Amino acid sequence: MRTVKRAAWLAVLVSCVLAVTAPALAAAPRTPKTAQGSPDRPQNPAAAPGAPQAQGAPQAQAPAEPAPQRAGRQQQSQVALALSKVTPSAITASGKNSRFTLTGTVQNRSGHALAGLSVRLRYSSQRITSRGELAQYATAAPSRLPGATTPRPLPQAAVAGGTQAWRLTGNAAAVGMRQFGVYPLGVEVINSYQQVLAGFTTFVTFTGNARGTQPLSVAWVWPLIDRQHRANDSTFIDDRLATDLTRGRLGSLVDAAATTTTPVTWAIDPALLDDVQAMNRNYVVKRPGTADRGTRTSANPAARLWIDRLKRASKDDPYFVLPYADPDAVALVRYGESMARHLDIAYKNTAVAAEVLGRAPTVKVAWPPSGMAGPDTLDALSRYGQIGTDGAFLLSGSAFQENPQGYTPSATTAVQTKQGTRRVLTYDDTINDVVSSGTRSPGAAALAEQRFLAETAMITAEAPNLRRTLVVVPDRHWNPSPEFAQRILGHTKSAPWLKAVDLQTAIKAKPQPRVFTGYPDAYEAYELGPAYLEQVRRIARDVSLFSQVTADPVRIDYTRAVLRMESAAWRGHGKRARAAREELARELGAHKAGVKIIPSQNALAGSSGRILVSVANNLPDQNIKVRLEVTSENSAKLQIGRFAAEDLVLELGPGEKVSRKIPVQAAGNGNFRVRLRLITAEGRVFGTEEITVRTTGYGRLALLITGGSLAVLFVGVGVRAMRARRRRKAEAGGDGSTGAEPAPIGAMAPAPGDPGTPDLPEAGAGSAPRPSRDGPLPGNPPTFTNNP
């Protein structure tokens with residue numbers, strides 16, 4: 001019974017706890033799962049070097065709404081609201097002439113009708129007092145603005161899939177614009193339930209009475225930099241450049257600068273102009289990582305047309321050059337001095353810009369990737385780029401401490417390097433983000449245009465009595481809409497609080513002291529990594545070796561190809577960079593193998609002789625010059641003879657092969673190894689081969705002895721043959737003569753019974769003759785004896 005009571009009380013307690021906690025759990029917001037950023041990466045994605053830029057328009061900010069309005073939240077993403085234009089972009093008058101107009105479009109993407117769809121204007125009579133407040137308004141919902149006009153119905157957009165243009169007007173005086181400054185405006189789309197389906201916040205600048213205000217001097221840097229398109233000088237890894245020159249961003253940048261009188265200073269990567277020049281000839285497009293030989297393409301006429309347009313657009317503008325291919329200077333310096341010296345090579349290959357444009361650079365500026373660099377990198381750029389007292393670094397404002405006085409400082413300052421004090425031009429990161437944001441989607445260009453005017457007006461209003469300079473530097477691969485680029489340059493010259501100047505004027509301005517904070521460690525994660533640079537260093541070492549065997553005229557050169565592999569444009573594109581690097585290494589290896597020693601078998605019939613060595617040049621249309629070095633593996637048994645040193649300096653044309661006979665002296669029989677090496681003009685080993693020399697041991701003395709013995713043998717055989725012949729002739733004549741010569745004195749007497757020889761008496765006088773020992777031979781005539 002006690003157990004049952006305990007269970008009942010426990011059930012009641014659990015029910016009470018659930019009743020209390022359930023509302024709290026229902027009201028607790030759900031935290032969405034987000035990707036956790038790495039602690040070593042910058043917290044601001046827009047400021048991260050190599051981070052992709054957003055190409056879409058800023059999303060309309062929806063106001064906070066209660067939880068039951070689930071349907072409204074679903075409809076917001078299905079209504080597109082875009083701003084086309086604000087007229088005038090800056091209000092310069094008051095009273096009756098202070099009217100302004102906002103135009104745009106609304107599209108119903110919900111798939112069904114939206115009852116009571118309408119649009120209205122939101123505003124505030126309070127001007128913005130700081131750039132920080134302006135940034136808050138830019139990300140806030142328009143419902144934050146207190147004023148609102150009467151909604152205008154949108155019957156065409158209310159139907160499913162409908163689109164309708166809208167037009168809203170206002171009066172600066174009615175809104176409450178009285179003083180020079182920036183005022184927020186908003187546009188909202190609502191339905192019949194007064195739910196906000198879409199909206200955005202923009203700004204309008206009211207000039208009013210701005211007498212006594214010092215205009216803000218604005219200098220534009222116009223970047224003409226692109227991704228890398230070639231693995232080597234003759235092979236393109238894509239054909240995207242042809243499109244970008246005509247209807248892409250490179251064509252738009254040139255056309256926008258050509259249609260304005262606002263001064264701009266061009267920042268040009270010589271590698272881009274080099275690529276365009278290469279398209280003026282036949283070239284090969286080969287996708288890296290594939291086995292095919294690529295597609296041979298004829299010279300593209302768009303390349304020549306683009307260069308002509310660039311010359312016309314920039315003829316009156318100053319320009320500066322980046323090191324060839326815009327190398328990742330920070331990464332190269334971090335790797336070590338061996339790679340840092342490549343910056344010197346990159347600067348020495350910038351002459352192609354003057355060749356294309358027909359005039360030398362007029363400004364000396366060093367612009368490191370992401371506008372950030374440490375003291376060592378600045379020192380290297382100053383030294384190799386020859387940034388003297390008349391030049392400047394171009395750095396992000398984030399590399400310096402904020403101005404303690406609260407206003408935006410002037411762009412011109414200075415830093416200390418090992419080369420001495422050097423001037424610095426800093427650019428404002430906020431304005432850089434506004435200008436560099438994607439402006440090709442509907443509504444994005446108008447919002448960015450109004451934000452640019454608002455930011456510059458706020459900078460002027462912060463300290464209206466100070467002369468200051470602002471440098472605007474879009475991102476390296478800026479891709480604005482043509483209309484936005486043209487209008488933003490026009491505003492720079494026409495806005496009453498701005499004064500357009502060139503970059504050299506900004507460099508000469510009085511420097512404002514600022515504290516340099518150096519290079520943030522978080523940016524290291526975006527650099528070209530040490531493993532990648534190690535592979536590039538190995539290729540560079542082979543390129544240096546190959547260049548030492550090529551002779552004038554040099555038609556195969558990989559120097560610029562290596563610089564392209566070190567470009568900062570590869571940041572964030574590791575797979576593509578690796579494929580291009582491997583393609584370069586493959587072709588370089590094939591060309592190195594084209595200069596080689598042809599080994600051959602060599603045998604000596606004695607202790608000395610000559611061995612044959614051949615060297616071939618299989619390179620297409622390239623002369624080479626090498627020195628052949630021959631050494632014996634065992635000089636005690638096989639010595640290399642003497643020869644003129646110039647005989648082993650070989651100069652070969654394309655497809656040519658030459659041979660040399662090398663004297664050797666052996667001290668015995670056997671097989672001996674001989675090492676053959678090709679040596680460059682600087683004494684480095686280019687290629688190595690080994691051959692085997694076989695010696696038999698039959699020298700000249702052995703040949704003389706053998707030859708003399710054979711001569712004696714032949715003479716003896718000849719004499720015996722002559723004697724036999726004479727004997728046969730004598731027997732054939734029948735004269736009884738045997739043809740034998742008299743026996744010499746002391747020779748043994750012939751044996752008794754020999755034919756034709758008389759028997760001699762026995763020793764002793766008076767002895768009777770003795771008959772033959774065997775008697776007469778059957779069938780032979782009897783032997784006669786001589787009586788005394």
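Residues numbered from 1 in each chain as written. Predicted model: local features only at pLDDT ≥ 70, side-chain atom pairs only at ≥ 80, totals over all residues. Heavy atoms only, no water.

## Some words on the overall build of the protein chain
Now for step 1: Within the protein chain, the regular secondary structure consists of 22 helices and 31 strands.
Now for step 2: Sorting the 788 residues of the protein chain into buried and exposed places 45% on the buried side.
Now for step 3: Put simply, of all contacts in the protein chain between residues at least 6 apart along the chain, 78% involve residues at least 24 apart.
Now for step 4: Put simply, the protein chain shows about 41400 Å² of open surface, and 53% of that area lies on carbon and sulfur atoms. (Helix = DSSP H or I, 4+ residues; strand = E, 2+ residues; numbered from the N terminus. Buried < 20%, exposed > 50% of the residue type's maximum accessible area, 1.4 Å probe, protein only. Contact = heavy atoms within 4.5 Å. Areas by Shrake-Rupley, 256 points an atom, 1.4 Å probe, with all protein chains shown as cover.)

## A short note on the sheet that holds strand E14 (residues 283–285)
Now for step 1: Reading across the sheet, the four strands line up as E11-E12-E14-E15 and stay open at both edges, with mixed pairing between neighbours. Looking along the sheet, the strands with just one partner apiece sit at the ends: strand E11 (230–232) and strand E15 (295–297).
Now for step 2: In the packing of helix H21 (residues 574–593) onto the sheet, the strands contacted are E11 and strand E12 (235–236), and the crossing angle to E11 comes to about 25°. (Pairing = 2+ DSSP bridges. Axes fitted to C-alpha atoms, helices over the stretch in contact; angles between N-to-C directions.)

## Considering the sheet that holds strand E7 (residues 163–171)
Now for step 1: As summarised here, the arrangement of the three strands in space is E1-E3-E7, forming an open sheet in which the pairing is antiparallel. With one partner strand each, in any of the chains shown, strand E1 (79–87) and E7 form the two edges of the open sheet. The mean angle between the axes of side-by-side strands here comes to 20°, regardless of whether they run parallel or antiparallel.
Now for step 2: Where E1 lies against strand E3 (residues 99–108), eight bridges are found, and the strand directions are antiparallel. Note that in E3 the partner of Val-86 across the bridge is Leu-102.

## Things to note about the confidence of the model for the protein chain
Now for step 1: Confidence in the prediction for the protein chain averages 82 pLDDT; 80% of positions are at 70 or higher.
Now for step 2: Within the model, pLDDT remains below 50 along residues 1–76, and this stretch shows 59 contacts once partners closer than five positions in the same chain are excluded. (pLDDT = per-residue confidence, 0-100.)

## Section: a positive patch on the surface
Now for step 1: A surface patch of positive charge is lined by Arg-720, Arg-723, Arg-725, Arg-726, Arg-727, Arg-728 and Lys-729.
Now for step 2: Along the chain, the position of Arg-720 falls in helix H22 (residues 700–733).
Now for step 3: A relative accessible area of 66% places Arg-720 in the exposed class. (Patch = residues over 30% accessible without salt bridge, like charges linked within 9 Å, V, L, I, M, F, W, Y side chains within 5 Å. Salt bridge = Lys/Arg side-chain N within 4 Å of Asp/Glu carboxyl O. Lys, Arg positive; Asp, Glu negative; His and termini not counted. Charge placed at Lys NZ, Arg CZ, Asp CG, Glu CD.)

## Examining the packing of helix H8 (residues 270–278) against helix H9 (residues 301–314)
What describes two packed helices is the angle between their axes and the distance between those same axes.
Now for step 1: It is at 8 Å that the axes of H8 and H9 come closest, and there the two elements cross at 140°. As far as their axial angle goes, H9 and H8 are oblique. When the axes of H8 and H9 are compared, the crossing they make is left-handed. Only Ala-303, Trp-306, Ile-307 and Leu-310 of H9 make contact with H8, whose side of the interface consists of Leu-272, Leu-273, Val-276 and Gln-277.
Now for step 2: Of the residues assigned to the contact of H8 with H9, the class counts are seven nonpolar, one polar and no charged. (Parallel < 35°, antiparallel > 145°, perpendicular 65-115°, else oblique. Left-handed = near helix turned anticlockwise from the far one by under 90°. Nonpolar A, V, L, I, M, F, W, Y, C, P; charged D, E, K, R; others polar.)

## As for helix H19 (residues 530–547)
Now for step 1: A rise of 1.5 Å per residue sets the reference length of H19, with its 18 residues, at 26 Å; its end C-alpha atoms lie 25 Å apart and thus fit the reference within 8%.
Now for step 2: Those residues of H19 lying buried are Tyr-532, Leu-533, Glu-534, Val-536, Ile-539, Ala-540, Val-543, Leu-545 and Phe-546.
Now for step 3: Buried residues along H19 sit against helix H10 (329–335), helix H11 (337–340), helix H12 (342–348), helix H20 (559–565), H21 and strand E31 (685–695). (Expected span 1.5 Å × (residues − 1).)

## Details of the packing of helix H7 (residues 249–258) against helix H17 (residues 482–494)
Now for step 1: Orientation of H7 relative to H17, taken along the N-to-C sense of each, is 30°, at an axis distance of 9 Å. Between H7 and H17, the angle falls in the class roughly parallel. Of the two elements, H7 crosses H17, and the hand of that crossing is right-handed. Counted together, Ser-252, Ala-256 and Ala-257 of H7 and Pro-482, Ala-485, Gln-486 and Leu-489 of H17 form the full contact between these two elements.
Now for step 2: Each residue belonging to the contact of H7 with H17 can be placed in one class, and the counts come to five nonpolar, two polar and no charged.

## Concerning the side chain of Glu-587
Now for step 1: With respect to the helices and strands, Glu-587 occurs in helix H21.
Now for step 2: Buried charge Glu-587 goes without a salt bridge, the closest partner of opposite sign being Arg-586 at 4.3 Å.
Now for step 3: Once residues within four sequence positions are removed from consideration, Glu-587 is found in contact with Asn-232, Ser-234, Thr-235 and Tyr-558.

## A word on the packing of aromatic side chains
Now for step 1: A full pass over the atoms with the stated rule returns nine aromatic pairs.
Now for step 2: Seen from their ring centres, Trp-220 and Trp-478 are 6.2 Å apart, and the 20° between their planes marks the pair as stacked. Note that Trp-220 is positioned in strand E10 (residues 216–224) and Trp-478 in the loop between strand E21 (469–472) and H17, a separation of 258 residues in sequence. Each member of the pair, Trp-220 together with Trp-478, is buried.
Now for step 3: For the ring pair Trp-222 and Trp-478, a centre distance of 5.0 Å and an interplane angle of 85° mean the geometry is edge-to-face. Separated by 256 residues along the polypeptide, Trp-222 in strand E10 and Trp-478 in the loop between E21 and H17 bring together distant segments of the chain. (Phe/Tyr/Trp six-rings, centres within 6.5 Å; stacked < 30°, edge-to-face > 60°.)

## Remarks on H8
Now for step 1: Of all nine residues that make up H8, eight are buried, and the element is covered over most of its length.
Now for step 2: Of all the residues in H8, the buried ones are Pro-270, Ala-271, Leu-272, Leu-273, Asp-274, Asp-275, Val-276 and Ala-278.
Now for step 3: Its side-chain oxygen 3.0 Å from the backbone nitrogen of Ala-271, Asp-269 forms the N-cap of H8. (Polar contact = N/O pair within 3.5 Å; in protein donor to acceptor, adjacent residues only side chain to side chain.)

## Structural notes on the pattern of salt bridges
Now for step 1: Following the criterion strictly, the structure yields 32 salt bridges and no others.
Now for step 2: Glu-188 serves as the salt-bridge partner of Arg-122, at 3.1 Å between the closest nitrogen and oxygen. Of this pair, Arg-122 sits in strand E4 (residues 118–123) while Glu-188 sits in strand E8 (residues 181–190), and the two are 66 residues apart along the sequence.
Now for step 3: Taking the relative accessible area as the measure of exposure, Arg-122 reaches 10% and is therefore buried.
Now for step 4: Members of the salt-bridge network, linked through shared partners, are Arg-131, Asp-428, Arg-451 and Glu-455.

## Quick word on the side chain of Thr-680
Now for step 1: By secondary structure assignment, the location of Thr-680 is in the loop between strand E30 (670–679) and E31.
Now for step 2: In this view, Thr-680 contacts Leu-545, Gln-548, Val-549 and Phe-686; residues no more than four positions away in its chain are not counted.

## As for empty space enclosed by the protein
Now for step 1: Using the criterion set out here, one finds one cavity of 30 Å³ or more in the structure.
Now for step 2: In this structure, the largest cavity occupies an estimated 60 Å³ of space.
Now for step 3: Its residues assigned to classes, the lining of the largest cavity shows ten nonpolar, no polar and one charged. (1 Å grid on protein atoms, 1.4 Å probe; cavity = no way out; pocket = protein on both sides within 12 Å on 5 of 7 lines; lining within 4 Å. Points joined across faces, edges and corners; volume = space filled by probe spheres on them.)

## Here we look at the environment of Ile-307
Now for step 1: Relative to the elements of secondary structure, Ile-307 occurs in helix H9.
Now for step 2: Separated by 49 residues in sequence, Ile-307 and Val-356 have C-alpha atoms that sit 7.6 Å apart.
Now for step 3: Non-local contacts of Ile-307, meaning those with residues more than four positions away in its chain, are made with Val-276, Gln-277, Asn-280 and Val-356.

## Here's the deal with a nonpolar patch on the surface
Now for step 1: Taken together, the side chains of Leu-710, Leu-713, Phe-714 and Val-717 present a nonpolar region at the surface, about 420 Å² in accessible area.
Now for step 2: Residue placement: Val-717 occurs in helix H22.

## A closer look at the environment of Tyr-427
Now for step 1: Along the chain, Tyr-427 falls in strand E20 (residues 420–427).
Now for step 2: In sequence terms Tyr-427 and Val-221 are 206 residues apart; their C-alpha atoms lie 10.0 Å from each other.
Now for step 3: With residues up to four places along the chain from it excluded, the contact list for Tyr-427 reads Trp-367, Ser-370, Gly-371, Leu-394, Leu-395, Ser-396, Gly-397, Asn-432, Val-471 and Val-473.

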